[in-house]
Amino acid sequence: MASTKELLEMDLYALLGIESTATEKQIKKAYRQKALSCHPDKNPDNPKAAELFHQLSQALEVLTDAAAKAAYDKIRAAKKQAEERNRKLDDKRKKIKLDLEAREQQADNVKVEEVKITRTLEEEIIRLREEGSRELQEQQRLIREQIQRERDINTGTDSSAVHQGNSDVTPKLKLKWKCKKDNASNAGYSHECLQSLFQKYGDVLNILISSKKKGSAVVEFASAKAADLAFKNETGLSGNPLKITWLEGQPAQASHIDSFTAQQSCLRSERDYESVVLMRLRQAEERKRLIEEMKRQEEEDETA
């Protein structure tokens, strides 16, 4: 992690590839794009990538905190003013003693002001490190989820089982369609095409088209209702229909809830040993049936 002195020497806006007038939303977006490419999970053998990732994280911490950003902007503006003053100096002016002394006095005053501002920024950075940046943690969580989604698309793995019971998981649908490996247009299913097909059901947060596995993508929705509508109604292009399955975030079906309630009621009314054993046998058979059904669907997906 860069020290406070090293952090003060950095151009945090240039590091993120944004202008100093960027909004907080633009800052977060730029951070996610940059941090994804140098995330330690993607570059386990590259220490420079990990160092850059930490620098980007520190930039996000400072620029998304109002007090820290204000202090940093003052230092940055003061440095630019000093650079502009130095640029305007020429040999002739340097020979004029009085003018030089005046400028030196002005520079001393600027340095005093810079020291004050620097102390303010150092205090804000210390506060951020002590309290922990919730914004940084949230952005890094989103990055980890996106990396996992990319892995799921490229490997054909369904990670929904890992996230079951997590209320923070956003609903996602997995898409498949027929597409030859050498088809540059992905059989007509571009990012714009998929956006047009699915945004009519509700807000679409993200669309990830697999770069390794042709004819495969994941659509992430803002709400389970929008995802469920798309799952039930969307068919895709008429000449090349979509096969849509849930990846994660599928809403619970009413029948499942009713079944669970009925089982609980049965346990309350039939406490004897035989009833409990019979219920568990039925549950085991149901689990076995579901597992076989899942395997059958996976085999169909592989042969499709």
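Procedures and definitions
Residues numbered from 1 in each chain as written. Predicted model: local features only at pLDDT ≥ 70, side-chain atom pairs only at ≥ 80, totals over all residues. Heavy atoms only, no water. UniProt positions renumbered as here; feature names shortened; annotations may be inferred. Helix = DSSP H or I, 4+ residues; strand = E, 2+ residues; numbered from the N terminus. Buried < 20%, exposed > 50% of the residue type's maximum accessible area, 1.4 Å probe, protein only. Contact = heavy atoms within 4.5 Å. Areas by Shrake-Rupley, 256 points an atom, 1.4 Å probe, with all protein chains shown as cover. Phe/Tyr/Trp six-rings, centres within 6.5 Å; stacked < 30°, edge-to-face > 60°. Pairing = 2+ DSSP bridges. Axes fitted to C-alpha atoms, helices over the stretch in contact; angles between N-to-C directions. Expected span 1.5 Å × (residues − 1). Core = buried A, V, L, I, M, F, W, Y, C linked by side-chain atoms within 4.5 Å. Salt bridge = Lys/Arg side-chain N within 4 Å of Asp/Glu carboxyl O.

Looking at an unreviewed UniProt entry, the protein carries the name DnaJ homolog subfamily C member 17, with the source organism given as Sinocyclocheilus anshuiensis. The annotation that UniProt attaches to the protein under Function (unreviewed entry) is "May negatively affect PAX8-induced thyroglobulin/TG transcription."

Examining the overall build of the protein
Of the regular secondary structure elements, the protein holds twelve helices and six strands. Expressed as a percentage of its 304 residues, the buried residues of the protein come to 34%. Look at the contacts in the protein between residues 6 or more apart in sequence, and 68% of them connect residues 24 or more apart. When the accessible surface of the protein is split by element, carbon and sulfur atoms take 50% of a total near 20000 Å².

Digging into the packing of aromatic side chains
The description of two aromatic rings rests on the distance between their centres and on the angle between their planes. Applying the stated criterion to the full structure yields four aromatic pairs. Ring plane angle 45 degrees and centroid distance 6.0 Å describe the contact between Y13 and Y72, whose orientation is recorded as tilted. Of the two residues, Y13 is situated in helix 2 (residues 12-16) and Y72 in helix 5 (residues 66-88); the sequence distance between them amounts to 59 residues. With relative accessibility at 1%, the residue Y13 sits in the buried group.

Re the sheet that holds strand 3 (residues 216-221)
Sheet strands associate in pairs through backbone hydrogen bonding, adopting either a parallel or an antiparallel arrangement. Taking strand neighbours across the sheet as the criterion, the four strands line up as 2-3-1-6 in an open arrangement whose pairing is antiparallel. A single partner strand is all that each edge strand has here, and the edge strands are strand 2 (204-209) and strand 6 (243-248). Between one strand axis and the next, the sheet turns by 25 degrees as a mean value, whatever way the strands run. As paired strands, strand 2 and strand 3 are joined by five bridges and run antiparallel to one another. Its bridge partner being in strand 3, N206 is matched across the sheet by E220.

Focus: helix 5
Here helix 5 spans 33 Å end to end across 23 residues, near enough to the 33 Å set by a 1.5 Å rise per residue. When helix 5 is considered as a whole, its buried residues turn out to be A68, K69, A71, Y72, I75, R76, A78 and A82.

Section: helix 10 (residues 224-233)
Taken together, the buried positions of helix 10 are occupied by A226, A227, D228 and A230. Where helix 10 is buried, its residues contact strand 1 (172-176), helix 9 (191-198), strand 3 and strand 6.

Brief notes about the nonpolar core
A general feature of soluble globular proteins is that nonpolar side chains tend to end up buried together. Of all hydrophobic cores here, the largest spans 32 residues; its most connected members are L12, L16, Y31, V62, L63 and L121. Secondary structure elements with two or more residues in this core: helix 1 (4-9), helix 2, helix 3 (24-37), helix 4 (47-63), helix 5, helix 7 (97-131) and helix 8 (134-155). No other element matches the seven residues that helix 4 contributes to this core. One finds L173, A187, F221 and A227 within the second-largest nonpolar core, a separate group that totals 21 residues.

A closer look at the pattern of salt bridges
Inspection of every chain in the model, using the stated rule, returns ten salt bridges. Residue E24 pairs with K28 through a salt bridge whose shortest N-O separation is 3.2 Å. Of this pair, E24 and K28 both sit in helix 3, four residues apart, which is roughly one turn of that helix. Note on E24: relative accessible area 41%, which makes it partly exposed. Overall, the relative accessible area of 21% leaves K28 in the partly exposed class. Several salt bridges share partner residues, and in doing so they unite R141, E145, R149 and E220 into one network.

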